[in-house]
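Structure assessment
Given next are the chains, with one letter for each unit.
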Amino acid sequence: MRPTSREASPRRYLMCPPAHFQVTYSINPWMDPTKPVDLPLALAQWEDLRDRYRALGHTVELLDPVPGLPDMVYAANGATVVGGRVLGARFAHPERHGEAAAHVDWFRRNGYPDADLRVPDHVNEGEGDFAVTASWILAGQGFRSSPLSHGEAQEFFGRPVIGLELVDPRYYHLDTALCVLDDAADEVMYHPDAFSPGSRAVLRRLFPDALLVGAGDAAVLGLNAVSDGRHVLLPQAAVGLFGPLRDRGFEPVGMDLGELLKGGGSVKCCTQELRP
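Residues numbered from 1 in each chain as written. Predicted model: local features only at pLDDT ≥ 70, side-chain atom pairs only at ≥ 80, totals over all residues. Heavy atoms only, no water.

1. Let's talk about the environment of Leu 14
Here Leu 14 lies in strand E1 (residues 12-15). Placed 108 residues apart in sequence, Leu 14 and His 122 show a C-alpha to C-alpha distance of 23 Å. (Helix = DSSP H or I, 4+ residues; strand = E, 2+ residues; numbered from the N terminus.)

Listed below in structure tokens is the structure:
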């Protein structure tokens, strides 16, 4: 029987305000430079997400935005932190290359020793393509992160890394196709059609009780969500997920990040978890 309630655990997140956010190029199917961005609205939506985290008892650290790097608001892509160790990012597209150094500098300034901080050899886009559970690190490939980054992460973190092939360009990062709902219990939700047949088989084997997400909720980036083990912050347009999440004992919290969706990201893209 599914639990009727869940326990939230306090989290520490890194976020970057969208002070320079705009869509002037296209590196994923969501980005259309002909559609203007309402920057004050984007900032208000981002602040609502930040304030919601704090109201739920979580800590939010801030990364200073850098002019000329409009995608820095998608802080999840800048690194992966597991057990206090930091694997930096190496971005696939030149438009985002400068973000990697900004993230590494933040970790150094905030007391992370060089011994626990790795600048990667292979392309990986942080928590965009790495999802962490108690048992595994799930690793996306196919559009951004190199499969060579999976072995690099496994060696650095000392945890088994499970490679998953993404096949739909709308779900170019793992965090658009899969969400960890309860990391301690290895519980996830995902959109099966975003994955290759072999990867779907792996997911069925690893997560036989996963919440399967249909095309409609996936298409509004409903899986680009963040869970603290109880509260699941997700795009408010993913209306088909609210009931199934409640049935499993979670408390869904709808968020409006419509302006940031113009860049191809939502709740999770804006949120990097600093795991102790």
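2. Section: the packing of aromatic side chains
The tally for this structure, following the rule as stated, stands at eight aromatic pairs. Measuring from centroid to centroid gives 4.9 Å for Phe 107 and Tyr 112, while their planes differ by 90°, and the two rings are edge-to-face. When the centroid spacing of 5.1 Å and the interplanar angle of 65° are considered together, the rings of Phe 156 and Phe 157 count as edge-to-face. The pair Phe 156 / Phe 157 is uniform in exposure class, with both members buried. Through successive ring pairs, a cluster of aromatic residues spans Trp 106, Phe 107 and Tyr 112. Sitting over the face of the ring of Phe 156, Arg 85 holds its NZ or CZ atom 4.0 Å from the ring centroid. (Phe/Tyr/Trp six-rings, centres within 6.5 Å; stacked < 30°, edge-to-face > 60°. Buried < 20%, exposed > 50% of the residue type's maximum accessible area, 1.4 Å probe, protein only. Lys NZ or Arg CZ within 6 Å of the ring centre and 35° of its normal.)

3. Looking at helix H2 (residues 97-109)
Those residues of H2 that sit buried are Glu 99, Ala 100, Ala 102, His 103, Val 104, Trp 106 and Phe 107. Looking at the buried side of H2, the elements it contacts are E1, strand E2 (59-62), strand E3 (79-82), strand E4 (85-88), strand E5 (117-118) and strand E15 (272-273). One or two positions beyond H2, positive phi appears at Gly 111, with a value near 90°. (Contact = heavy atoms within 4.5 Å.)

4. A look at the nonpolar core
Among the nonpolar cores identified, the biggest contains 33 residues, and Leu 138, Leu 174, Leu 178, Met 189, Phe 195, Leu 241 and Leu 245 are the most heavily contacted of them. Of all the secondary-structure elements, those providing two or more residues to this core are strand E8 (161-165), strand E9 (178-182), strand E10 (187-190), strand E13 (231-235) and helix H6 (242-247). By residue number, the principal contributor to this core is E9, which donates four residues. In this view, Leu 241 contacts Met 189, Leu 211, Val 213, Asp 217, Gly 222 and Leu 234; residues no more than four positions away in its chain are not counted. (Core = buried A, V, L, I, M, F, W, Y, C linked by side-chain atoms within 4.5 Å.)

5. Looking at the sheet that holds E5
Reading across the sheet, the three strands line up as E3-E4-E5 and stay open at both edges, with mixed pairing between neighbours. Looking along the sheet, the strands with just one partner apiece sit at the ends: E3 and E5. Sheet strands touched by helix H3 (residues 148-157): E3, E4 and E5. Its angle to E4, the strand with the most contacts, is close to 160°. (Pairing = 2+ DSSP bridges. Axes fitted to C-alpha atoms, helices over the stretch in contact; angles between N-to-C directions.)

6. As for the layout of surface pockets
If a probe the size of a water molecule is rolled over the atoms, the empty space left behind becomes visible. Reported here for the largest pocket is a volume of approximately 160 Å³. Every residue lining the largest pocket is listed: Gly 88, Ala 89, Arg 90, Phe 91, His 97, Ala 100, Ala 101, Val 104, Asp 105, Arg 108, Val 119 and Pro 120. Per-element tally for the lining of the largest pocket: the top contributor is H2, with six residues. Looking at the lining of the largest pocket, its residues break down into seven nonpolar, two polar and three charged. (1 Å grid on protein atoms, 1.4 Å probe; cavity = no way out; pocket = protein on both sides within 12 Å on 5 of 7 lines; lining within 4 Å. Points joined across faces, edges and corners; volume = space filled by probe spheres on them. Nonpolar A, V, L, I, M, F, W, Y, C, P; charged D, E, K, R; others polar.)

7. As for the side chain of Asn 124
The residue Asn 124 is located in the loop between E5 and strand E6 (130-132) in this model. Judged by relative accessible area, Asn 124 falls into the buried class, the value being 0%. In terms of polar contacts, Asn 124 uses its side chain to reach the backbone carbonyl oxygen of Gly 88, at 3.0 Å. From its side chain, Asn 124 meets the backbone nitrogen of Gly 126 in a polar contact 2.8 Å long. Leaving out residues up to four positions away in the same chain, Asn 124 has contacts with Leu 87, Gly 88, Ala 89, Arg 90, Phe 91, Phe 130, Ser 145 and Ser 149. (Polar contact = N/O pair within 3.5 Å; in protein donor to acceptor, adjacent residues only side chain to side chain.)

8. Comments concerning empty space enclosed by the protein
Tallying each qualifying case throughout the model produces two cavities of 30 Å³ or more. Space inside the largest cavity adds up to approximately 260 Å³. Around the largest cavity, the lining comprises 23 residues; the ones closest to its centre are Val 180, Ala 225, Lys 268, Glu 273 and Arg 275. Counting only elements with at least two residues in the lining of the largest cavity, the list comes to E6, E9 and strand E12 (226-227).

9. As for the side chain of Asp 168
If you trace the backbone, Asp 168 turns up in the loop between E8 and E9. Among the polar contacts made by the side chain of Asp 168, one reaches the side chain of Arg 170 at a distance of 2.8 Å. The contact partners of Asp 168, leaving out residues within four places of it in the chain, are Phe 143 and Ala 194.

10. What to know about the pattern of salt bridges
Overall, the coordinates contain 20 salt bridges when judged by the stated rule. Residue Arg 230 pairs with Glu 251 through a salt bridge whose shortest N-O separation is 2.5 Å. Note that Arg 230 is positioned in the loop between E12 and E13 and Glu 251 in strand E14 (residues 251-255), a separation of 21 residues in sequence. As a salt-bridge pair, Arg 275 and Glu 273 come within 3.9 Å of each other at their nearest N and O atoms. (Salt bridge = Lys/Arg side-chain N within 4 Å of Asp/Glu carboxyl O.)

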